[in-house]
Amino acid sequence: MPYIVGLNSGSSFDGVDAVLCTIDIDQDGHPSRPKFVDALTVDWPDELRPLVIRAFDNQLSLFDMTRVNYAAGAVYAEATNKLLAKAGVKPEEVEVLGYDGQTVYQEPPDRQKIADYISSGSKSLVDLWTKGGFPCGFFIVESGVVAALTDITTVTQFLPVDHALGGSGAPLVHKTMAFDTGPGNVMLDHVIRARTGRSYDKDGEMAARGQIIEPLLAELQAHEFFQRKPPRSAWRLDFGSRYADDILERYASASTEDLLATLAMFTATSIERALVDFILPKTSVTKVVASGGGTRNTTLMRFLTERLATHGLKTCVSDEFGMPAAYKEAIKFATLAFAAKRGLANNIPAASGASSFAILGKLTLAPRLARGTENITSNDLFIDDGWAG
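In the nomenclature of an unreviewed UniProt entry, the chain corresponds to Anhydro-N-acetylmuramic acid kinase from the organism Rasamsonia emersonii.

This is the structure we're talking about:
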């Protein structure tokens, strides 16, 4: 079976995960379940991390962003090359590499504006974004850099095609129903970074020592996000640095431990709420499988397990089913890239709200696949009006 590589940094921006899997086409014509081979995680370089964080807050010039985009591609390339060296796999043995890029900015679809645009009968495609409320986003990690420095065909930026079809673009999963439940780890990581300089609360140790701030928890649970119905996505505008900084300012006297405990409980209750509001009324569920970086936070997992147990639900992690929880997102992007390269639909309109199935992702071929070079010599030079020897 072919090798595939997937990478992910994610909204919490706590490192780059790289995973190596094998995969094939199943009897139904769709990708088979990927089989995990190896993985690793690398930190963002110290000189690059603060620049990307500034980009999240729109504090980076376009010129600086351009260089950061290329440098981020080099980070992903280094992670890939380290992974292949660790696993003893050559670039030519890898069919495709996939990642979604680091999200810098996103706007969700405005369903009312979209409805108004449709009813207006407008034929202007430009109006879809200037007036029609279609979603958009900006993502870095230049695929040309990744493909060139790994010599592996690369597929990235899966969201824009879904956006152009009116979908939210996320979450990108092969499920009949999928949607974001809330903040995930974003606010937890921001608070500990702001208070301690650490990138995350290792094993949820600090949160475990804290007490729930009930007024803050009630305030968080009243967030406008929870009024949205699936398909929905949580955006950085919802739970990003500005929102978290406002809480830090208003609760400046609260201990870091108490803030982290409250935010961990908030994430747990947001998952509980999504299940109660949208899943349990429609189907019988006895087990909830958790995955992603949040599974490493034992306090968050304890809160989640306790909350779901009140509904008769058992909580487990995807490792029990052969899917390493820490690398689920990277595996997902590797699979989406494999499908895209094979020309297979890799979005689910029921999850994102897109108007149709599509092939998501932009493909950059590996340099080693370049053809037509047999008669080109090292003395040949390509200039604007043709070839010159």
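Below, the discussion takes up helix H14 (residues 328-341). Each α-helix turn comprises 3.6 residues. Residues three or four places apart therefore point the same way. The end-to-end C-alpha separation of H14 is 20 Å, in line with the 20 Å expected for 14 residues at 1.5 Å each. Of all 14 residues in H14, eleven are buried; the element is thus mostly enclosed. For H14, the complete set of buried residues consists of Ala-330, Ile-331, Lys-332, Phe-333, Ala-334, Thr-335, Leu-336, Ala-337, Phe-338, Ala-339 and Ala-340. Close packing links the buried residues of H14 with strand S1 (3-8), strand S2 (16-22), strand S3 (35-42), strand S4 (94-98) and strand S7 (154-156). Backbone geometry just after H14 places Gly-343 at a positive phi near 75 degrees.

This part covers the environment of Leu-369. With respect to the element layout, Leu-369 can be found in the loop between strand S10 (362-364) and strand S11 (381-383). With 19 residues separating them in the primary sequence, Leu-369 and Ala-350 have C-alpha atoms 36 Å apart.

Moving on, we get to the nonpolar core. Ranked by size, the top nonpolar core spans 39 residues in total, and within it Met-187, Leu-220 and Leu-259 carry the most contacts. Broken down by secondary-structure element, the contributors of at least two residues to this core are helix H7 (186-196), helix H8 (205-208), helix H9 (214-221), helix H11 (241-250), helix H12 (256-279), strand S8 (287-290) and helix H13 (298-309). When residues in this core are grouped by element, the largest group, eleven residues, is from H12. Among the nonpolar cores identified, the runner-up in size contains 31 residues, and Val-16, Val-89, Val-104 and Val-141 belong to it.

For the chain, the assigned domains are domain 1 (3-172 + 327-369) and domain 2 (178-273). With centres defined by C-alpha atoms, the gap from domain 1 to domain 2 works out at 25 Å. Taken residue by residue, the interface counts 23 residues in domain 1 and 16 residues in domain 2. Both sides of the domain 1 and domain 2 interface together cover about 1500 Å² of buried area, and 55% of this is carbon and sulfur. Between domain 1 and domain 2 we count zero salt bridges in total. At the junction of domain 1 with domain 2, the criterion picks out one residue pair in polar contact (both at pLDDT 80 or more). Those elements giving two or more residues to the side of domain 1 that touches domain 2 turn out to be helix H1 (49-56), strand S5 (102-107) and helix H15 (349-352). Here the side of domain 1 that touches domain 2 gets five residues from one element, more than from any other, and that element is S5. Looking at the side of domain 1 that touches domain 2, its residues break down into eleven nonpolar, seven polar and five charged.

About the thresholds
- Residues numbered from 1 in each chain as written.
- Predicted model: local features only at pLDDT ≥ 70, side-chain atom pairs only at ≥ 80, totals over all residues.
- Heavy atoms only, no water.
- Helix = DSSP H or I, 4+ residues; strand = E, 2+ residues; numbered from the N terminus.
- Expected span 1.5 Å × (residues − 1).
- Buried < 20%, exposed > 50% of the residue type's maximum accessible area, 1.4 Å probe, protein only.
- Contact = heavy atoms within 4.5 Å.
- Core = buried A, V, L, I, M, F, W, Y, C linked by side-chain atoms within 4.5 Å.
- Domains from an automatic or database assignment.
- Buried area = accessible area lost by both parts, 1.4 Å probe.
- Salt bridge = Lys/Arg side-chain N within 4 Å of Asp/Glu carboxyl O.
- Polar contact = N/O pair within 3.5 Å; in protein donor to acceptor, adjacent residues only side chain to side chain.
- Nonpolar A, V, L, I, M, F, W, Y, C, P; charged D, E, K, R; others polar.

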